[in-house]
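Residue strings, one per chain:
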Amino acid sequence: MQLTDQQQSEKQAVAARLLTIKENSYQNMLAMQNADMNEAEETNDNVQNMFEDGKVDQSINRVEARASVVEALQHDIRVLANLDEIEPTEEIQLGDVIITDKGNFFVGAASDEFEVNGKKYRGISTDSPLYKALRGKHNGDTVEVNGTSFTLKDSY
């Protein structure tokens, strides 16, 4: 499948924007992790009493709770950073822009809505119900996901 220059440019811009969003989230999570670890260390070094031990435990619990989010962000970043290696096909796949009557989507990593060149997109993963429903479909096909109908207008 041959993409137009405009489609290729749009696809690259959307992927780059989503990658930047994920990298920024990752950096923010790391900063929070470091702050919590520093707080736990400082509290632990300063005073040894039951109240302070509780604060240390809370800080460590926050770090542990965020660990899965950090791992998920690392995974998303790896996926998004390697999209250039995927050859376009007729089938909807990882790295594709999907245009529906309900909005624009990008297959790469789940995300809140973001904007590129005045158009709004929402990131979805290959595990999302919408992606699974649209896989193998063609322009004009309609799928239903969680009670909502989506008509495929274009994908590239």
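Conventions we followed
- Residue positions within a chain follow its written sequence, with the count starting from 1.
- Residue-level local features of this predicted model are given only where pLDDT is at least 70; pairs of side-chain atoms are given and counted only at 80 or more, and the full residue set underlies all totals for whole chains, interfaces and linings.
- As a rule here, side-chain values cover all heavy atoms of the structure and leave hydrogens and water aside.
- Within 6.5 Å between ring centres, the rings of Phe, Tyr and Trp (the latter by its six-membered ring) count as paired, and their orientation is classed by plane angle as stacked under 30 degrees, edge-to-face over 60, tilted in between.
- Secondary structure elements are defined from DSSP: runs of H or I of at least 4 residues count as helices, runs of E of at least 2 residues count as strands, and each element is numbered from the N terminus.
- A simple rule labels every residue: compare its accessible area, found with a 1.4 Å probe on the protein chains alone, to the largest value its type can have, and call it buried under 20%, exposed over 50%, or partly exposed in between.
- A 1.4 Å probe that fits into a set of points on a 1 Å grid over the protein atoms alone but cannot get out defines a cavity; an open set with protein on both sides within 12 Å along at least five of seven lines defines a pocket, and lining residues are those with an atom within 4 Å of a point.
- Grid points are joined across faces, edges and corners, and a volume is the space filled by probe spheres set on the points.
- Side-chain classes follow a simple rule in which Ala, Val, Leu, Ile, Met, Phe, Trp, Tyr, Cys and Pro form the nonpolar group, Asp, Glu, Lys and Arg form the charged group, and the remainder, Gly included, forms the polar group.
- Definition of nonpolar core: a set of buried residues of the types Ala, Val, Leu, Ile, Met, Phe, Trp, Tyr and Cys, connected through side-chain atoms within 4.5 Å.
- Should any heavy atoms of two residues lie within 4.5 Å, those residues are considered in contact.
- Two strands form a pair only when DSSP identifies at least two bridges running between them.
- Structural elements are reduced to axes, namely lines fitted to C-alpha atoms, with helices fitted over the stretch in contact, and the angle between N-to-C directions of any two is expressed from 0 to 180 degrees.

### Some points on the packing of aromatic side chains
Where two aromatic rings form a pair, the distance of their centres and the angle of their planes describe that pair. A complete count under the given rule lists two aromatic pairs for this structure. With 6.1 Å between their ring centres and 70 degrees between their planes, Phe105 and Phe150 make a pair best called edge-to-face. Separated by 45 residues along the polypeptide, Phe105 in strand E2 (residues 103-107) and Phe150 in strand E6 (residues 148-155) bring together distant segments of the chain. For Phe105, a relative accessible area of 8% gives the class buried.

### Some points on the layout of surface pockets
Unfilled space is identified by rolling a water-sized probe across the atoms. Volume-wise, the largest pocket comes out at about 310 Å³. Surrounding the largest pocket, 19 residues form its lining, Gln8, Lys11, Gln12, Leu83 and Asp84 being those nearest its centre. Only helix H1 (5-46) and helix H2 (50-81) provide two or more residues apiece to the lining of the largest pocket. Partitioned by chemical class, the residues of the lining of the largest pocket number 11 nonpolar, four polar and four charged.

### Concerning the nonpolar core
The tendency in soluble globular proteins is for nonpolar side chains to be buried as a group. Counting residues in hydrophobic clusters, the biggest one holds 20 residues, and the most contacted among them are Val14, Leu18, Leu80, Val97, Phe106, Phe114 and Tyr121. Elements that contribute at least two residues to this core include exactly H1, H2, strand E1 (97-100) and strand E3 (113-116). A total of six residues in this core trace back to one element, the largest contributor, which is H1. Those residues within four positions of Val97 in sequence are excluded, and the remaining contacts are Glu10, Lys11, Phe105, Phe106, Tyr121, Asp154, Ser155 and Tyr156. Residues Leu130, Val143, Phe150 and Leu152 belong to the second largest nonpolar core, which totals 13 residues.

### With respect to the side chain of Arg66
Summarising the element assignment, Arg66 is placed in helix H2. When near neighbours in sequence (up to four residues on either side) are disregarded, Arg66 contacts Met29, Met32, Gln33 and Asp36.

### What to know about the sheet that holds strand E5 (residues 142-145)
Taken together, six strands build an open sheet; the order of strands is E3-E4-E2-E1-E6-E5 and the sheet is mixed. In the strand order of this sheet, the two ends are held by E3 and E5, each with one partner. With strand direction ignored, the average angle separating the axes of adjacent strands in the sheet is 40 degrees. Examined bridge by bridge, E5 and E6 share four bridges and lie antiparallel to one another. Note that in E6 the partner of Thr142 across the bridge is Thr151.

### Things to note about the pairing of E6
The sheet contact formed by E1 and E6 spans three bridges and is antiparallel. In the sheet register, Thr100 faces E6, and the bridge partner there is Leu152. The loop that links E5 with its antiparallel partner E6 comprises two residues; one of these, Asn146, has a positive phi angle of about 50 degrees.

### Brief notes about the pairing of E2
With four of five residues buried, E2 lies mostly within the body of the structure. Judged from the four bridges that link them, E1 and E2 form a sheet pairing that is antiparallel. Paired with Val97 across the strands is Phe106, a residue of E2. Connecting E1 to the next strand, E2, in antiparallel fashion are two residues. As paired strands, E2 and strand E4 (residues 119-124) are joined by four bridges and run parallel to one another. Looking at the pairing, Asn104 lines up with Tyr121 of E4.

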